[in-house]
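Listed here are the chains, written in short residue letters.
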Amino acid sequence: VSPRILQRMKEAHGTYQPGLRFGVVHVPYKYIALALLLLQTTAVVLCMRVSRIPKDPENPSSVYLLTTAVVMSEIFKMLASVVMLAMEEKEHGIAWVLGHLKSELFDNSAETMKLAVPAGLYTLQNNLLFIALTNLDATTYQVTYQLKILTTAVFSVTMLGKALDTRRWLSLFLLMGGVALVQMPTESSSNAKPNMGNPFIGLVAVLLACCSSGFAGVYFEKILKESNQSVWMRNFQLGLFSAILGMGGVIANDWAKVSTGGFFQYYDGMTWLVICLQAFGGLVVAAVIKYADNILKTFANAVSILLTAFVSYTFLDDFPLTTFFVLGSGCVIASTFLYNMESAGPRRPLP
């Protein structure tokens, strides 16, 4: 039977999954999206960690300015949002899309201003993540950052009125226990390498980023649910505010360095790769949400943690593998699966 006939048979029975065909092999979009999510999640953490190692070991400040990297990431995110919006509205043309952007920004400024709050929080979060990966190894950062599940759940309950069942509350306690185990001090942690920075500062930065991520994510979800505007339009507006606020951070914190060394000082290929991974990560997540489900997304995140640990331990040599870490990361991975499992409620009888 030819592949085309098989496709029609599956479409007729409602089992066909859209995807790409490579010869006789059909790969559903959901698995392509998950592979991209796994690659992006792992690469952004490892690349960010490597990029924050000083170019000159004798000069700790020989790294790019994280405030400028955040601004460039938001600018790239805006460009990506415009492209996605143009593809979504391709029947109207690019002139209509640009006019629509202008109308939303200036004629509907009251709605646009609502995004200033999550934009400020996301800008703060992005700066905190760079600080965290300057001071922590990639694996400890990635496991600890899963606490954003807890903060998102708490803000969802308090701001959106969502109810969590017993299973999800248990998974959140398991998550907190796992992160606590990962942070347990060991003998090897007292012999940190010079490029590891201050682990306490890194931990505080991750925890603050989790709080910022949770509140901003729930606030943004509330805005999306209260309007019928395209998510790409909202992402563009969010990126615009974030870029403006990020420039404020550049002027307030690093303007003296920018004046002497330039905006792009110590930028290299790895820096631009990190910026692109940060900017286009949202597109990958959007594809996962569209074609896959939470279970598969959680599986990709779990594999990403294991892959990051392997690369960090084997190649970067900045991560001590301890019993506490193995137990803690296992608890974190198990808690994410438990939290995202569908409740097995009683099935309704067929009419």
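Look a little higher up for the structure.
Please read all numbers here as calculations on a predicted model, not as lab measurements.

Q: Would you mind going over the packing of helix α6 (residues 116–135) against helix α11 (residues 231–261) with me for this structure?
A: When two helices pack together, their arrangement is given by the angle between their axes and by how far apart the axes lie. Between α6 and α11, the shortest axis-to-axis distance is 8 Å and the interhelical angle comes to 55°. It follows that α6 is oblique to α11 by the angle criterion. Between α6 and α11 lies a crossing whose hand is right-handed. Side by side, α6 and α11 meet where Ala116, Pro118, Ala119, Gly120, Tyr122 and Thr123 of the first sit next to Leu238, Phe241, Ser242, Leu245 and Gly246 of the second.

Q: What's the story with unusual backbone geometry in this structure? I'm lost.
A: Comment: phi is negative for the bulk of residues other than glycine, and the bulk of peptide bonds are trans. At tyrosine 266, a residue that is not glycine, the phi angle is positive and equals roughly 65°. Topologically, tyrosine 266 is positioned in the loop between α11 and α12 (269–291). Look at tyrosine 266 and you get partly exposed, because its relative accessible area is 35%.

Q: Any chance you could explain the pattern of salt bridges here in plain terms?
A: Close approach of charged atoms lets side chains of opposite charge pair. In total, this model carries four salt bridges according to the counting rule given. The closest approach of N and O atoms between glutamate 221 and lysine 162, which form a salt bridge, is 3.1 Å. With glutamate 221 in helix α10 (residues 199–225) and lysine 162 in the loop between α8 (148–160) and α9 (166–182), this residue pair connects regions lying 59 residues apart in the sequence. Taking relative accessible area as the criterion, lysine 162 reaches 36% and is therefore assigned partly exposed.

Thresholds, definitions, all that
Residues numbered from 1 in each chain as written. Predicted model: local features only at pLDDT ≥ 70, side-chain atom pairs only at ≥ 80, totals over all residues. Heavy atoms only, no water. Axes fitted to C-alpha atoms, helices over the stretch in contact; angles between N-to-C directions. Helix = DSSP H or I, 4+ residues; strand = E, 2+ residues; numbered from the N terminus. Parallel < 35°, antiparallel > 145°, perpendicular 65-115°, else oblique. Left-handed = near helix turned anticlockwise from the far one by under 90°. Contact = heavy atoms within 4.5 Å. Buried < 20%, exposed > 50% of the residue type's maximum accessible area, 1.4 Å probe, protein only. Salt bridge = Lys/Arg side-chain N within 4 Å of Asp/Glu carboxyl O.

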